[in-house]
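Take a look at the letters that make up each chain.
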Amino acid sequence: RIVFLRSLAFIYCIGFAVSLFQNKALIGSNGILPIPAYMERLRNHFNLKAKEVTTRSFMAVPTLFWFVVEKHTDTALALISTSGLAVSVAVLLQGSANMVIMSVLWMLYHSIVNVGQRWYSFGWESQLLETGF
């Protein structure tokens, strides 16, 4: 069990480190595929007002970015990545975790994957989320 948790934490660590250093240019406010524009398209799809979130929209696209104000997208992206990196490093070093800690890692990474658009549509992101679940 310790080897599995440390291995999983190491892979989460890589995923969050990549996110921390690359996502501002890829999906940040001024990135190639910006999160604010994507969230606006999602709001239009679900017929939502500017800062509105419904259970239906959150369940269809579960991400913490539903609750982020557009001008703070880059800060939220860095905060989610840094938090995930810190938690995954703690699990990696300690070699143990409970369901709450693993759920936090899963939720943080899932939030990034769901707004990652083209950059997060490869197989390993989904595999990490399935394994982490």
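Every value quoted in this text rests on a predicted model; they were computed, and no experiment measured them.

Quick look at helix α5 (residues 99-115)
Under the 1.5 Å per step criterion, the end-to-end length of α5 is 24 Å for 17 residues, consistent within 8% with the ideal 24 Å. Taken together, the buried positions of α5 are occupied by M102, L105, L108, Y109, H110, S111, I112, V113, N114 and V115. Note on α5: the residue one or two positions beyond its end, Q117, has a positive phi of about 55 degrees.

Things to note about unusual backbone geometry
Phi at N47 takes a positive value of approximately 55 degrees, unusual for a residue other than glycine. By secondary structure assignment, the location of N47 is in the loop between α2 (35-45) and α3 (55-60). A relative accessible area of 69% places N47 in the exposed class. Backbone geometry places Q117, a non-glycine residue, at a positive phi of 55 degrees.

Remarks on the packing of aromatic side chains
Taken as a whole and judged by the stated rule, the model has three aromatic pairs. Both rings, one in Y12 and one in F16, keep their centres 6.1 Å apart while their planes meet at 20 degrees; by these two values the pair is stacked. In this pair, Y12 and F16 are both assigned in helix α1 (residues 2-27), four residues apart and thus about one turn of the helix distant. As far as burial versus exposure is concerned, Y12 and F16 are alike and both buried.

Examining the nonpolar core
As a rule of thumb, nonpolar side chains are buried together in soluble globular proteins. Counting 31 residues, the largest nonpolar core has F16, M39 and F65 as the members making the most contacts within it. Among the elements of the structure, α1, α2, α4 (73-94) and α5 are those that each provide at least two residues to this core. Ranked by the residues each element gives to this core, the list is headed by α1, at eight residues. Excluding its chain neighbours within four sequence positions, the residues that come into contact with M39 are T63, F65, W66 and V115.

Digging into the confidence of the model for the protein
Considering every residue of the protein, the mean pLDDT works out to 83; 95% of them sit at 70 or more. The lowest-confidence element of the protein is helix α6 (residues 123-132), averaging 67 in pLDDT; the highest-confidence one is α4, averaging 91.

Describing the environment of F10
Its location among the elements puts F10 in helix α1. Sequence separation between F10 and S88 is 78 residues, and the spatial gap between their C-alpha atoms is 6.9 Å.

Structural notes on the packing of α1 against α4
It is the contact of α1 with α4, at a shortest axis distance of 8 Å, that shows an interaxial angle of 160 degrees. On the basis of their axis angle, the class for α1 and α4 is roughly antiparallel. Viewed along their axes, α1 and α4 form a crossing whose handedness is left-handed. Partitioning the contact of α1 with α4 into residue classes produces 17 nonpolar, seven polar and three charged.

Reading the values: the criteria
- Residues numbered from 1 in each chain as written.
- Predicted model: local features only at pLDDT ≥ 70, side-chain atom pairs only at ≥ 80, totals over all residues.
- Heavy atoms only, no water.
- Helix = DSSP H or I, 4+ residues; strand = E, 2+ residues; numbered from the N terminus.
- Expected span 1.5 Å × (residues − 1).
- Buried < 20%, exposed > 50% of the residue type's maximum accessible area, 1.4 Å probe, protein only.
- Phe/Tyr/Trp six-rings, centres within 6.5 Å; stacked < 30°, edge-to-face > 60°.
- Core = buried A, V, L, I, M, F, W, Y, C linked by side-chain atoms within 4.5 Å.
- Contact = heavy atoms within 4.5 Å.
- pLDDT = per-residue confidence, 0-100.
- Axes fitted to C-alpha atoms, helices over the stretch in contact; angles between N-to-C directions.
- Parallel < 35°, antiparallel > 145°, perpendicular 65-115°, else oblique.
- Left-handed = near helix turned anticlockwise from the far one by under 90°.
- Nonpolar A, V, L, I, M, F, W, Y, C, P; charged D, E, K, R; others polar.

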